[in-house]
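# A closer look at the structure
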Amino acid sequence: MFEVAVIDDPAAAEVSLDPIRARLLAELAEPGSATMLAAKVGLPRQKVNYHLKTLEKHGLVELVEERRKGNMNERLLQATAGAYVISPTALSAVQPDPARSPDRLSASWLLAVAARLVRDVGDLITGASKAGKRVATFALDGDVRFASAADRAAFTEELATAVTALVGKYHDESAEGGRDHHLVIAIHPSVKE
């Protein structure tokens, strides 16, 4: 089971967004059968089985064990991931594109950059998984409290200057065998939970 899987197929995204199926995915963090799940979610086993077959068809759950129970086979399924993220690729015709309005101070642009990040890292994870490899990534996540908007503006200017200097120090356009990496740094007001 993957820790996080990125859904890029529109049909799989649609299937995953159904409230019943989303609940079944959550319940299937541990293997379960249609009978076991029916008792948990309060639906008839046949209806649960229908939803499980749909989830399985789209690669969101997988068979982990089949065992004989009485005169029938019991299928134990498990979610293919602990969590799912829907890639903007699933809505390719309307996915955000940071190139459309490159305004570093715009929340819409930040959202478009974040969507591109989800799409790109999802593609990398998928490719690495197929190749049996890991993806080399790095991320920072933290909070900073500014006393004023002027302090925030000074911080972002200083951060941009420092990152530009660091990129200038290590970027080597002519490095034979070098590999390009995409850098994203974002700052936004914290959202209270």
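Analysis parameters
Residues numbered from 1 in each chain as written. Predicted model: local features only at pLDDT ≥ 70, side-chain atom pairs only at ≥ 80, totals over all residues. Heavy atoms only, no water. Axes fitted to C-alpha atoms, helices over the stretch in contact; angles between N-to-C directions. Helix = DSSP H or I, 4+ residues; strand = E, 2+ residues; numbered from the N terminus. Parallel < 35°, antiparallel > 145°, perpendicular 65-115°, else oblique. Left-handed = near helix turned anticlockwise from the far one by under 90°. Contact = heavy atoms within 4.5 Å. Nonpolar A, V, L, I, M, F, W, Y, C, P; charged D, E, K, R; others polar. Salt bridge = Lys/Arg side-chain N within 4 Å of Asp/Glu carboxyl O. Buried < 20%, exposed > 50% of the residue type's maximum accessible area, 1.4 Å probe, protein only. Phe/Tyr/Trp six-rings, centres within 6.5 Å; stacked < 30°, edge-to-face > 60°. Arc of directions from axis to C-beta. Polar contact = N/O pair within 3.5 Å; in protein donor to acceptor, adjacent residues only side chain to side chain.

Helix packing geometry: the angle between the two helix axes and the distance between the axes. Across the interface, helix 2 (residues 19–27) lies against helix 3 (residues 34–41) with an axial gap of 11 Å and an inter-helix angle of 115°. As summarised for this structure, helix 2 and helix 3 are arranged roughly perpendicular, according to the angle between their axes. In this structure, helix 2 crosses over helix 3, and the sense of that crossing is right-handed. Contacts between helix 2 and helix 3 pair Arg 23, Leu 24 and Glu 27 from the former with Leu 37, Lys 40 and Val 41 from the latter. Looking at the contact of helix 2 with helix 3 residue by residue, the classes come out as three nonpolar, no polar and three charged.

This next bit is on the pattern of salt bridges. Summed over the entire model, instances satisfying the criterion amount to seven salt bridges. Taking the shortest distance from any N to any O, the salt bridge between Glu 27 and Arg 23 comes out at 3.3 Å. Highlighted residues: Glu 27 and Arg 23, both in helix 2, separated by four residues, approximately one helical turn. In this structure, Arg 119 engages Asp 120 in a salt bridge whose closest nitrogen and oxygen atoms are separated by 3.0 Å. Using a relative accessible area of 22% as the deciding quantity, one classes Arg 119 as partly exposed. Residue Asp 120 is classed as partly exposed on the basis of its relative accessible area of 28%. Shared partners join several salt bridges into a network, and the residues in it are Glu 65, Arg 67, Lys 69 and Glu 74.

Taken as a whole, this structure holds one aromatic pair when the rule is applied. Plain terms: the ring middles of Phe 146 and Phe 155 are 5.2 Å apart, the flat faces sit at 55° to each other, and that makes the pair tilted. Given the relative accessible area of 25%, Phe 146 is considered partly exposed. Relative accessible area serves as the criterion here: at 31%, Phe 155 is assigned to the partly exposed category.

Moving on: helix 3. For helix 3, every residue scored as buried is listed here: Ala 34, Leu 37, Ala 38 and Val 41. Angular distribution of buried residues about the axis of helix 3 spans 105°; they occupy a single face of the element. Tucked inside the fold, the buried residues of helix 3 contact helix 2, helix 4 (45–57) and strand 3 (72–79). Backbone geometry just after helix 3 places Gly 42 at a positive phi near 70°.

Looking at helix 2, one finds that the buried residues are Arg 21, Leu 24 and Leu 25. When helix 2 is viewed along its axis, its buried side chains cluster within an angular range of 100° and face the same direction. Exposed residues on helix 2 whose side chains face more than 90 degrees from its buried face are Pro 19 and Ala 26. Packed against the buried residues of helix 2 are helix 1 (10–17), helix 3, helix 4, strand 2 (61–69), strand 3 and strand 4 (81–86). Sitting at the amino-terminal end of helix 2 is Asp 18, which places a side-chain oxygen 2.9 Å from the backbone nitrogen of Ile 20.

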